[in-house]
Each structure stands twice: as structure tokens, then as C-alpha cells.
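Structural features, examined
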Amino acid sequence: MTHLQTGLSPETIEKARLELNENPDVLHQDIQQVRDMIITRPDIGFLRTDDAFILRFLRARKFHQTDAFRLLAQYFQYRQLNLDMFKNFKADDPGIKRALIDGFPGVLEKRDHYGRKILLLFAANWDQ
């Protein structure tokens, strides 16, 4: 087990191994492979490249390094293109707190029949 898996139960570590292809023996190499791809996109300001942050993207893409990098790049590119949206983006902001309490947004566990992820918006909870 690596320091990045500290705090995870043995069941969670096993689930990550089986469902996400997470291998603690090569975890740091996987992270470094994604980090090495950053130089291919000098047009994007990657604000965080620490192990724990990159690991989130690897887990989100079941340890497919290229897919994880693509998601990481899209994340920072979106933030870069929408600076006004993220400049005061803090969890203690009343509007953000309200959105989180209202359950915005929700993501279904299973994908649709085309393999797409489904995002749910709970419009009934919105106070527009």
C-alpha cells in the first residue's frame, strides 16, 4: 500500500484493484506517465500536478493514462476558459452551499445504453 491509499479500508483497496485496475506496485509510475503528458499541452495552465490530484483523474478513467490525461486537460482548459465562473468558487459561498444541499448535480452510477454518463439536475429543488 502506498501513502496515497492510506486511510482506505482493505475492502476499498481491493475494490479499486478489481474495478479500477489500481495497482499499488505501479501507482507512482501511472501518475508520472500522466504528469509527463502535461508538456504536450503548453497552452493549458495546469495549476495542480501533485500525486493525489492526478490520482483522482486516473481513478475516474480506470487507470487508462491517456484518458485520465485527457480529462485532466479538459478540466483545466475549462477552468482557464471560464475564469469568471471559478474566481470566487468556494464551498462556503452561500450559493454553492445551497446548490450542494439541493443535490445539484447528481450522477447516475450506471451509464446509458451508449455508454454515456448521465448527469441529473434536481430542478424541483431549485429556487430560481
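Residues numbered from 1 in each chain as written. Predicted model: local features only at pLDDT ≥ 70, side-chain atom pairs only at ≥ 80, totals over all residues. Heavy atoms only, no water.

Quick look at the overall build of the chain
Counted only if it meets this: In this description a helix means any DSSP run of H or I spanning at least four residues, a strand means any run of E spanning at least two, and both kinds are numbered starting from the N terminus. Exposure categories follow from relative accessible area, calculated using a 1.4 Å probe and restricted to protein chains: below 20% of the type maximum is buried, above 50% is exposed, and the middle band is partly exposed. The contact criterion used is simple: two residues touch if any of their non-hydrogen atoms lie within 4.5 Å. The Shrake-Rupley method, run with a 1.4 Å probe sphere, supplies the accessible areas, and residue values consider only the shown protein chains as cover. Note that His is not counted, nor are the chain ends; the positive residues are Lys and Arg, and the negative ones are Asp and Glu. A charge is said to be at NZ when it belongs to Lys, at CZ for Arg, at CG for Asp and at CD for Glu.
Check the secondary structure of the chain and you find 6 helices and 2 strands. Secondary structure of the chain in N-to-C order comes out as α-α-α-α-α-α-β-β. C-alpha extents for the chain along the principal axes are approximately 50 × 40 × 35 Å. When the 128 residues of the chain are sorted by exposure, 25% land in the buried category. Sequence-distant contacts in the chain: of pairs separated by 6 or more residues, those separated by 24 or more amount to 48%. If you sum the accessible surface of the chain, you get close to 9,400 Å²; carbon and sulfur atoms cover 56% of it. Seen as two clouds, the 19 positive and the 18 negative side-chain charges of the chain have centres 3 Å apart.

Regarding the pattern of salt bridges
The following threshold applies: Salt bridges are identified by distance alone: a Lys or Arg side-chain nitrogen within 4 Å of an Asp or Glu carboxyl oxygen.
Tallied over the full model, the rule gives 7 salt bridges. With a shortest N-O distance of 3.0 Å, R70 and D67 are connected by a salt bridge. Here D67 and R70 lie together in helix α4 (residues 65–81), a separation of 3 residues that amounts to about one turn.

Focus: the UniProt feature "domain: CRAL/TRIO N-terminal" (unreviewed entry) in the chain
Our working definition: UniProt positions are given in the numbering used here, feature names are shortened, and annotations may be inferred rather than shown by experiment.
Per the UniProt record, "domain: CRAL/TRIO N-terminal" (unreviewed entry) is annotated on residues 50–75. Between the C-alpha atoms that bound residues 50–75 there is a distance of 15 Å. The span itself is 81% helix and 0% strand.

Structural notes on the side chain of E22
The line we're drawing: Polar contacts here mean pairs of N or O atoms no more than 3.5 Å apart (in protein, one a potential hydrogen donor and the other a potential acceptor; neighbouring residues in sequence count only if both atoms are side-chain atoms).
Tracing the backbone shows E22 in the loop between α1 (10–20) and α2 (27–37). Side-chain polar atoms of E22 contact the side chain of R59, separated by 2.8 Å. For E22, the contacting residues outside a window of four places in its chain are Q5, A16, R17, L27, R59 and F63.

Observations concerning a nonpolar patch on the surface
Here is the rule we go by: Residues qualify for a patch when their relative accessible area is over 30% and they have no salt bridge, like charges being joined within 9 Å and the nonpolar side chains of Val, Leu, Ile, Met, Phe, Trp and Tyr within 5 Å.
Where nonpolar side chains cluster on the molecular surface, the patch consists of V107, L119 and L121 and spans about 290 Å² of accessible area. Judged by its relative accessible area of 57%, V107 falls in the exposed class.

Some points on the packing of aromatic side chains
Applicable threshold: Only rings of Phe, Tyr and Trp enter the pairing, Trp through its six-membered ring, and a pair is recorded when the two centres are within 6.5 Å. The plane angle decides the type: under 30 degrees is stacked, over 60 is edge-to-face, the rest tilted.
Under the defined criterion, the tally for this structure stands at 7 aromatic pairs. Taken together, F46, F53, F57, F69, Y75 and F76 form an aromatic cluster joined through their ring pairs.

Here we look at the nonpolar core
Applicable threshold: Buried Ala, Val, Leu, Ile, Met, Phe, Trp, Tyr and Cys residues form a nonpolar core when they are joined through side-chain atoms within 4.5 Å.
Ranked by internal contacts, the top residues of the largest apolar core, which has 20 residues, are I31, V34, F46, L58, F69 and L72. Only α2, α3 (51–60) and α4 provide two or more residues apiece to this core. Here the element with the most residues in this core is α4; it accounts for 6 residues. Dropping the residues within four chain positions of it, F69 is found in contact with V34, M37, I38, T40, R41 and F46.

Overview of the side chain of D30
Following the sequence through the fold, D30 ends up in helix α2. Among buried Asp, Glu, Lys and Arg side chains, D30 stands out as unpaired, with R59 the closest opposite charge at 9.9 Å. Setting aside chain neighbours within four positions, we find D30 in contact with L58, F63 and Q65.

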